[in-house]
Amino acid sequence: MEEFDPEEHKRKVQEERMQYAKSEIEKLGFRTNQIDETCLEFIHKEAIVKLFPFTGWHTGKSINDGRGIKELLKQLK
């Protein structure tokens, strides 16, 4: 049986969440830019919005800061 590697698990989850967030935001018509393995940004109402998919934290002048991709998507619709 393979040994559980927490760092590998975190990397996989982070990658999955990044891809999900990117695809959902792009479905709404926004162009995304992946800054690094932890941060995604896009323009909303002429302001930069940053999303950290692993934690779900999102922030920007044109939205209410908070947690959760679902909450962010509600604000963008």
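Structure's up top.
All of these numbers come straight from a predicted model, not from anything done at the bench.

S.K.: Please give an account of the environment of Asn-64 that cites residues and values.
M.R.: Assignment of secondary structure puts Asn-64 in the loop between β4 (57-60) and β5 (66-67). For Asn-64, a relative accessible area of 58% translates into the label exposed. Note: C-alpha distance between Asn-64 and Gln-75 (11 residues apart in sequence) is 7.9 Å. Setting aside chain neighbours within four positions, we find Asn-64 in contact with His-58 and Gln-75.

S.K.: Can you explain the packing of aromatic side chains? Please cite residues and give values.
M.R.: Applying the stated criterion across every chain, the model contains 1 aromatic pair. Between Phe-30 and Phe-42 the ring centres are 5.4 Å apart and the planes differ by 55 degrees, which places this aromatic pair in the tilted class. Separated by 12 residues along the polypeptide, Phe-30 in the loop between α1 (6-27) and β1 (32-34) and Phe-42 in strand β2 (residues 40-44) bring together distant segments of the chain. Across the ring face of Phe-54, the terminal group of Lys-10 is positioned such that the distance to the ring centre comes to 5.5 Å. For the cation-ring pair, Arg-17 lies above Phe-54, with the distance from its terminal atom to the ring centre recorded as 5.3 Å.

S.K.: Give me the pattern of salt bridges: which residues, what numbers.
M.R.: Pairing between side chains becomes possible if they bear opposite charge and their charged atoms approach one another. Scanning the entire structure with this criterion turns up 4 salt bridges. A salt bridge links Glu-8 to Arg-11; the shortest N-O distance between them is 2.6 Å. Of this pair, Glu-8 and Arg-11 both sit in helix α1, 3 residues apart, which is roughly one turn of that helix. Judged by its relative accessible area of 30%, Glu-8 is partly exposed. A relative accessible area of 41% means that Arg-11 is categorised as partly exposed. A cluster of three or more residues bridged by salt bridges with shared partners is formed by Glu-8, Arg-11 and Glu-15.

How each quantity is defined
Residues numbered from 1 in each chain as written. Predicted model: local features only at pLDDT ≥ 70, side-chain atom pairs only at ≥ 80, totals over all residues. Heavy atoms only, no water. Helix = DSSP H or I, 4+ residues; strand = E, 2+ residues; numbered from the N terminus. Buried < 20%, exposed > 50% of the residue type's maximum accessible area, 1.4 Å probe, protein only. Contact = heavy atoms within 4.5 Å. Phe/Tyr/Trp six-rings, centres within 6.5 Å; stacked < 30°, edge-to-face > 60°. Lys NZ or Arg CZ within 6 Å of the ring centre and 35° of its normal. Salt bridge = Lys/Arg side-chain N within 4 Å of Asp/Glu carboxyl O.

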